[in-house]
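Okay, here's what each chain looks like letter by letter:
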Amino acid sequence: MAKSGVLGYPRIGADREWKKALEAFWSGKLGEPELHLQLREIRLSHLQKQREKGIDFIPVNDFSYYDHMLDTAVMFGVIPKRFSFEGEKVPLSVYYGIARGTEHAAASEMTKWFNTNYHYIVPELEGVRPVLTENKPLIAYREAKANLGLEGRPVLVGPLTFLKLCKGYEASEIDSWLSRILPLYVQVLRELEEEGVQWIQIDEPILATNPTEADVRRLYTVYETFAASAPNLNIMLQTYFESVEYYRDIVGLPVKGIGLDLVHGLGGNLSSIKQWGFPEDKLLGAGIIDGRGVWKAPLRKKWELLQELSQVVAVERIVLQTSCSLLHVPVTAKRETKLPAELKDALAFADEKLDELVVLTTALSQGEAAIADKLAENDRVYRTLERSGGRNRTDIHQRVSAIAAQKAQRSRPFEERQLIQRQKWQLPLLPTTTIGSFPQSAEVRKARQMWRKGELSDGRYGEFIREQIDIWIRLQEELGLDVLVHGEFERTDMVEFFGEKLAGFAFTQNGWVQSYGSRCVKPPIIYGDVAYTGAMTVEETAYAQSRTDRPVKGMLTGPVTMMNWSFVREDITREQIAYQLAYALRQEVEALERAGIGMIQVDEPAVREGLPLKRSDRAKYLEWAVKAFRIATCTVKETTQIHTHMCYCDFHDMIDSIKEMDADVISLETSRSHGELIHSFELNTYRQGIGLGVYDIHSPRIPPVEEMNGMIDRALRVLDPKLFWINPDCGLKTRGIEETAASLRNMVEAARIAREKYKASGHIS
Ligand code: GLN
Ligand code: ZN
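This is a predicted model, so every value here is computed, not measured.

1. Thoughts on the pairing of strand β14 (residues 525–531)
Stage number 1. Of all the seven residues making up β14, seven are buried; the element is thus mostly covered by neighbouring parts of the structure.
Stage number 2. Bridge count between strand β11 (residues 503–506) and β14: three bridges; the pairing is antiparallel. What sits directly across from Ala 503, in β14, is Ala 531.
Stage number 3. Taken together, the two bridges between β14 and strand β16 (residues 567–568) define a ladder with parallel strand orientation. Opposite Ile 525, over in β16, you have Phe 567 as the bridge partner.

Below you can see the structure in the form of structure tokens.
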């Protein structure tokens, strides 16, 4: 008999009760004992749900009070020194301190979990002596057993992945760290074995990236040690997000199961299985239900895949699994009441995916006939979706493929545009600007809420927005900024705002997913052909421009960012979706230009996020991502200045692609890695307009003038002053009004000082 298994279940709850409990605790409204009680109830109800659905391998210890990497770190006593913690059990104050910072100690850095939008807390090894503070998987296992009589499968981040994601050590020290951490893992495993635990899921997603031969050796050390230390504990060595490298070595490890992603790594993993076979002494964790997408599994295709697999692996050795943890999808599609029927019928969030696992497991054990009606129903759902008008805009298909076949090139190269634009815009040396948004004050948020509820008419709301624009245009002039923005007061989220105005997008009511800590996001779903339906930003931008003689920059979200921050359809490629978005945005760019806007910024903060995990796939992605940006921006006049903006990612290995985008000006956030970035520009000449953020926007602190001059000077050691712009790191929507004004005043002063200096030094005419 085949079995089913889940790699992790969303923590947040259908009503985000997890988030609410955490936030109530942080604000002091909920005591610690009540927090424990509430979370326990949530946790147990999730286990109960999976059992009721009929899942065989149900994960425990996938739950967390914040993040599973932080849990792992804390369990091993990896607590940054600045929290000066001594003792055995780590209290919640320290746990949350690491995640969110305290009065005395800064939070640890967080970063994206592989290529997902989930952020984990980066453990810091520096100066730490690892000790086992508690056996979390054991506690979780016992809880499920005692309360529900359920034999859970504990989940644990594996040692190789854990260490690779830690910081605070040199690459050459990894083996010595491994030898320090390994005994702690062994202790955890031994205690589980003694308890009578049957299976543990050890996650090693690092194997789906580009591990080295040395890593494979380390893997052998680790899993041989485990096999020798806890021989009766069965290990499912779990990988996900991509196919594994070194397949033959990995399936040769002394473990009892190997979990492979057969959705996101299908091509590579399936051909490895077919080519090299699969060992007969192991279970295959076949990750066939997509843990990252929101669509129903195309059952017939999945069934065919299973038949192919069962040629190589005996049915009783297959565990049908989610491709990764369900952490990355919303909880249930049942409660969506406002979506078009054809779309709603085609959605499967976490709970619906549990059903799918069970259906396929049944089929595998009992044969196709057992699920004949499910197959027929699934065929119907897909047929309806395929035929829906929203997916069959032949006008869009033709136009976009014609555009994609062209080169997407501005009428003149940058060197020529630069001269023409300098002539036209007459900007001072080192021009000052901002990234787009200004503070979304309580007043702004309240007005928008009232308008959404119908308590404020369109007319009054429009008036309110214009008032805000007036205030900020006046303020920007008074501060002496050179290129102004309208402030984005009418926008909440930079994708949602545009998605709501374009065809092809849908918005769920409850489709929340955890992004970091208690912070959840509700990504839109791109389910149809994306099409322009009319101007989106022209009114506000043109209004702002009518109130000043200085240039006002139009402000759009770029095609790749819109795609990467959405759930997308799977019947066409991401490249095609990006081009559809690009074509729609091009029409907005052109509309802005026609309305007299001569500078247009197309933000692409999320380009890096779409970067494939495997190095070999990256060039191709970057090529079409850049092309999408160019499609959106290439049809304007040579005098029109195209800006772009990127932030909070590593740019240094992307500089060539950034050049290729061919923007006239780019602004980059630098607070993360100013020094490194400057170094990258030492190695790569960049000869287009560029502004490296001169202050971090994450703090209410007002940056002193000298500090910003320091940043400018350092940047100008490697960048041409004639091409350099002065701007903050990112948008200012989360900041207060007063501090924003004060910071920008200092920034303008810093620019003035720098101008004097560089003119005087004869650097510039
Ligand atoms: N224009 C946007 C803003 O200023 C850019 C936001 C971003 O980079 N994430 O808010
Ligand atoms: Zn930004």
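2. A word on the coordination of the zinc ion (ligand 2)
Stage number 1. Only His 645 (NE2), Cys 647 (SG) and Cys 730 (SG) from the protein coordinate the zinc ion (ligand 2), and they sit 2.1 to 2.3 Å from it.
Stage number 2. Around the zinc ion (ligand 2), the four donor atoms sit at angles spanning 93 to 123°, and that spread fits a shape best called tetrahedral.
Stage number 3. One chain supplies every donor for the zinc ion (ligand 2), spaced along it as H-x1-C-x82-C. Of this pair, His 645 sits in strand β18 (residues 641–646) while Cys 730 sits in the loop between β21 (724–725) and α27 (737–760), and the two are 85 residues apart along the sequence.
Stage number 4. Looking at Cys 730, the relative accessible area reads 17%, which means it is buried.

3. So, unusual backbone geometry
Stage number 1. Despite not being glycine, Tyr 246 has its phi angle at roughly 55°, a positive value.
Stage number 2. The phi dihedral of Leu 430 is positive, around 50°, even though this residue is not glycine.
Stage number 3. Positionally, Leu 430 belongs in the loop between α16 (414–425) and α17 (442–452).
Stage number 4. Here Leu 430 falls in the buried class, since its relative accessible area comes to 1%.

4. Side note on the nonpolar core
Stage number 1. Membership of the largest hydrophobic core comes to 128 residues, with the highest contact counts inside it found for Leu 35, Phe 162, Leu 189, Tyr 223 and Phe 226.
Stage number 2. Take this core: its biggest share by element is 11 residues, from helix α7 (residues 174–195).
Stage number 3. The contact partners of Phe 162, leaving out residues within four places of it in the chain, are Met 69, Thr 72, Ala 73, Phe 76, Val 78, Pro 123, Val 157, Ile 181 and Tyr 185.
Stage number 4. Counting 108 residues, the second largest nonpolar core, distinct from the first, contains Leu 484, Val 560, Leu 581 and Ile 597.

5. Some words on the packing of helix α18 (residues 458–479) against helix α20 (residues 538–546)
Stage number 1. Running from N to C, α18 and α20 cross one another at 40°; their axes reach a closest spacing of 10 Å. One finds that α18 runs oblique with respect to α20. Handedness of the α18/α20 crossing: right-handed. Between α18 and α20, the residues in contact are Ile 465, Arg 466, Ile 469, Asp 470 and Ile 473 and Glu 539, Glu 540, Tyr 543 and Ala 544, respectively.
Stage number 2. Taken together, the residues that form the contact of α18 with α20 break down as five nonpolar, no polar and four charged.

6. With respect to the packing of helix α11 (residues 299–312) against helix α13 (residues 350–366)
Stage number 1. Here α11 crosses α13 at 45°, and the two axes come no closer than 11 Å. Classified by the angle their axes make, α11 and α13 are oblique. Both α11 and α13 take part in a crossing whose hand is right-handed. Touching Leu 299, Lys 302, Trp 303 and Leu 306 of α11 are Val 359, Leu 360, Ala 363 and Leu 364, all from α13.
Stage number 2. When grouped by side-chain class, the residues that make up the contact of α11 with α13 number seven nonpolar, no polar and one charged.

Parameters at a glance
- Residues numbered from 1 in each chain as written.
- Chains lettered and ligands numbered in written order.
- Predicted model: local features only at pLDDT ≥ 70, side-chain atom pairs only at ≥ 80, totals over all residues.
- Heavy atoms only, no water.
- Buried < 20%, exposed > 50% of the residue type's maximum accessible area, 1.4 Å probe, protein only.
- Helix = DSSP H or I, 4+ residues; strand = E, 2+ residues; numbered from the N terminus.
- Pairing = 2+ DSSP bridges.
- Donors = N, O, S within 2.8 Å, 3.2 Å for Na, K, Ca; no water.
- Tetrahedral: all angles 85-135°; square planar, octahedral: opposite > 155°, others 65-115°.
- Core = buried A, V, L, I, M, F, W, Y, C linked by side-chain atoms within 4.5 Å.
- Contact = heavy atoms within 4.5 Å.
- Axes fitted to C-alpha atoms, helices over the stretch in contact; angles between N-to-C directions.
- Parallel < 35°, antiparallel > 145°, perpendicular 65-115°, else oblique.
- Left-handed = near helix turned anticlockwise from the far one by under 90°.
- Nonpolar A, V, L, I, M, F, W, Y, C, P; charged D, E, K, R; others polar.

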